[in-house]
Amino acid sequence: MEDRFRSLLDKVGGVITGRTPRHLTLEESTWIFTQLLEGSVSASRATALLLALRAKGPTAEELAGSASAASSRIRFPTLPEDTVVLSTSRRGKHNSPPLGLAAAAAAAACGARVLVQASTGVADGGFTLGDVWEAAGGQLNGDPGPVTETLATGGLAVWRPTLADSGWAPLLAIESDLGLRLLPDVVGKLMLPPGCRVLVAAMAGPVLGRAGEALQLLGHRSALIVQGVEGSMDVA
């Protein structure tokens, strides 16, 4: 395992060492993110890999492979037919209030089923939908059971899937310590119930195509990616 991890780190790390960086395959990405979640590598090597991928820029295959590895380790809520999943990250809004939760509540009031995947924000990362949910008295957890029940009876539920797998805590701690948006933040948004209808928020920049390709590789055929205000799903 150690030799393969070192080899793959060297493969993507060329952007740091001066050699030509190369992309990971779908299988390699799945394997290496599994090792990160299992805690099979040291924090220093995990940090080096995440920084190398950030510097190189992750491909759709690297995003899909990592998300597939993460999704295989948790149990998702059971979704009623035609449920829409709103998937967000730990990076929120600084200059305007996040409106996604209000929009989801309005949709649920009109008869839609909406599952919001959210997280509380990181330091200096802005106000997130998870922050709004907790400020309103809600609780974020990773237990799919209560979420399934809430969706079936109320139409709107909020949960934090990264809490369903203890392997996420060290990776999110690396992001928080560095103050950078790294691969785990993106993968967290792509860790979705199989085949669900999904609305994903994306940061401004050339990530739209990669995110769409990653969702397609993951088997999602009904997806909308929004580059809204401050990287949210709020339309300008």
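Residues numbered from 1 in each chain as written. Predicted model: local features only at pLDDT ≥ 70, side-chain atom pairs only at ≥ 80, totals over all residues. Heavy atoms only, no water.

## A few points about helix α1 (residues 2-12)
Which entries qualify depends on this criterion: A 1.4 Å probe rolled over the protein chains alone gives each residue an accessible area, and that area as a share of the maximum for its type sets the label: buried under 20%, exposed over 50%, partly exposed in between. For the purposes of this entry, the term helix denotes a DSSP run of H or I that reaches at least four residues, the term strand denotes a run of E that reaches at least two, and both are numbered from the N terminus. Think of it as the arc spanned by the lines of direction from the helix axis to the C-beta atoms.
Listing the buried residues of α1 in full gives Phe5, Leu8, Leu9, Lys11 and Val12. An end-on view of α1 places all buried positions within 155° of arc, on one side of the element.

## Here's the deal with the pairing of strand β3 (residues 156-159)
Defined as follows: For two strands to be treated as a pair, DSSP must find no fewer than two bridges joining them.
The alternating pattern of β3 places Leu156 and Val158 and Ala157 and Trp159 on opposite faces, both of which are buried. The sheet contact formed by strand β2 (residues 114-117) and β3 spans four bridges and is parallel. Each bridged residue has a counterpart across the sheet, and for Leu115 the counterpart in β3 is Ala157.

## Quick word on the pattern of salt bridges
When charged atoms on two side chains of opposite charge get close, those side chains can pair. Keep this limit in mind: Every case where a carboxyl oxygen of Asp or Glu lies within 4 Å of a side-chain nitrogen of Lys or Arg is listed as a salt bridge.
All chains considered together, the criterion is met by nine salt bridges. Note that Glu2 is salt-bridged to Arg45, the shortest N-O span being 3.6 Å. Highlighted residues: Glu2 in helix α1 and Arg45 in helix α4 (residues 43-56), separated in sequence by 43 residues. Residue Arg45 is classed as partly exposed on the basis of its relative accessible area of 23%. Here Lys11 and Glu28 are joined by a salt bridge, their closest N and O atoms 2.8 Å apart. Remark: Glu28 occurs in helix α3 (residues 26-38) and Lys11 occurs in helix α1; sequence separation between them is 17 residues. Overall, Glu28 belongs to the buried group, its relative accessible area being 14%. Through salt bridges with shared partners, a single network forms among Glu2, Arg6 and Arg45.

## So, the sheet that holds strand β1 (residues 84-87)
Formally: An axis is simply a line fitted to the C-alpha atoms; with a helix, the fit covers only the stretch in contact. Between two such axes, the angle follows the N-to-C directions and lies from 0 to 180 degrees. Here, residues are in contact when the closest pair of their heavy atoms is within 4.5 Å.
Pairing in this open sheet of five strands is parallel, and the strands run β3-β2-β1-β4-β5 from one edge to the other. The strands lining the two open edges of the sheet, one partner per strand, are β3 and β5 (223-226). Going from strand to strand, the sheet's axes swing by 15° on average, the running direction of each strand aside. Sitting on the sheet, helix α6 (residues 100-109) is in contact with β1, β2 and β3, with an inclination near 165° to β2.

## Quick word on the nonpolar core
Our working definition: The set of buried Ala, Val, Leu, Ile, Met, Phe, Trp, Tyr and Cys residues whose side-chain atoms join them within 4.5 Å is what this entry labels a nonpolar core.
Within the largest apolar cluster, 48 residues are counted, with the highest numbers of intra-cluster contacts made by Phe5, Phe33, Leu36, Leu49 and Trp168. In contact with Trp168, not counting residues within four places along its chain, are Phe33, Leu37, Ala70, Thr162, Pro184, Val187, Gly188 and Met191. In terms of nonpolar packing, the next biggest core, distinct from the first, is built from 15 residues, Ala108, Val116, Leu140 and Leu156 among them.

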